[in-house]
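Observations on the model geometry
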Amino acid sequence: MPTGNRSDVNLTWGKKAPLSRGPKPALSTSRIARVAIQLADAKGLEAVTMQRVAREAGVTTMALYRYFPGKADLLNMMIDSASDSAANFGKPSLPWNVRLKKWARLCLDIYRNHPWFLEATSTRHSLMGPNELTWMEAALAILAESGLIPRDQHHAFLAVIGHVRGHATFQRTAKRSESGQKWIHDLAQMLKPTLVASLDSGAFFENPDGAFDFGLDCIVEGIRARASSQSR
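This text gives an overview of the structure that appears in the document. (Residues numbered from 1 in each chain as written. Predicted model: local features only at pLDDT ≥ 70, side-chain atom pairs only at ≥ 80, totals over all residues. Heavy atoms only, no water.)

1. Observations regarding the packing of aromatic side chains
Applying the stated rule across the entire model yields five aromatic pairs. Feature note: the residues F89, W103, W135 and F157 constitute an aromatic cluster, connected by ring pairs. (Phe/Tyr/Trp six-rings, centres within 6.5 Å; stacked < 30°, edge-to-face > 60°.)

2. A short note on helix α2 (residues 29-43)
With 15 residues, α2 ought to run about 21 Å at 1.5 Å a step, and its terminal C-alpha atoms sit 21 Å apart, in line with that. For α2, the full list of buried residues reads I32, A33, V35, A36, I37, L39 and A40. Where α2 is buried, its residues meet α3 (50-57), α4 (61-64) and α5 (71-81). G44 lies just past α2 and shows a positive phi near 100 degrees. (Helix = DSSP H or I, 4+ residues; strand = E, 2+ residues; numbered from the N terminus. Expected span 1.5 Å × (residues − 1). Buried < 20%, exposed > 50% of the residue type's maximum accessible area, 1.4 Å probe, protein only. Contact = heavy atoms within 4.5 Å.)

3. Description of the nonpolar core
Counting residues in each nonpolar core, the largest one holds 57 residues, and the members touching the most others are L74, M78, W103, W116 and I223. Counting only elements with at least two residues in this core, the list comes to α2, α3, α5, α6 (96-113), α7 (117-123), α8 (130-144), α9 (150-173) and α12 (208-230). If one sorts the elements of this core by residue count, α6 sits on top with eight residues. Residues contacting M78, with those up to four places away along its chain left out, are A33, A36, I37, A40, L45, V48 and W116. (Core = buried A, V, L, I, M, F, W, Y, C linked by side-chain atoms within 4.5 Å.)

4. Side note on α3
Of the positions making up α3, those classed as buried are M50, V53, A54 and A57. Down the axis, α3 shows its buried residues gathered within 100 degrees of arc, on one side only. Contacts made by the buried residues of α3 are with α2, α4 and α5. Once α3 ends, the next one or two residues include G58, with phi positive near 80 degrees. (Arc of directions from axis to C-beta.)

So this is what it looks like as structure tokens:
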């Protein structure tokens with residue numbers, strides 16, 4: 001788990017940064033984080049500066065520093081506020097594998113709805129916030145029902161979240177166009193006949209959701225098989 005300084009943890013866990021003398025704050029860290037999230041969604045993470053966020057929030061830059069000691073603290077709050085901590089992963093009566101798949105798809109939705117989220121979570125150096133921890137706890141609780149031993153529950157969690165982040169990376173970088181498809185096809189014909197067959201099937205240019213679900217199914221079936229072998 002990544003580690004960070006104490007101020008990073010305090011803000012995301014609801015503890016206020018020390019305030020300087022002056023008027024009573026009119027905003028809140030959560031409201032400022034929502035403003036920053038809207039800015040990042042529209043303009044990208046590079047647009048999130050303390051000056052720009054302060055302007056969007058209707059306060060001075062110096063006033064913003066009364067809530068967040070630095071941009072890293074603001075990014076941590078944005079990350080932890082980007083999803084709904086009360087997400088419904090399915091009725092408890094549903095099989096664990098069904099709920100785990102729903103967890104993964106809802107997690108992927110965070111990356112889709114907030115394109116900056118992948119970069120932000122890749123570059124930070126801090127502990128998880130309470131909302132993120134709630135998501136992780138939910139996944140591990142579901143995996144506990146699979147029959148895996150605790151150590152393998154965590155390994156399975158890493159496999160699932162790795163699949164989610166890998167797919168989010170692919171979606172961010174992939175460029176699908178007719179001209180690109182023709183260029184790849186022509187090159188493949190000169191090099192790899194098996195690749196041509198895959199291209200001819202349309203797999204390279206279909207809706208990527210199918211690929212995500214296929215990979216998720218493989219991971220879940222692998223978890224089921226591993227749990228079955230441990231119970232013997």
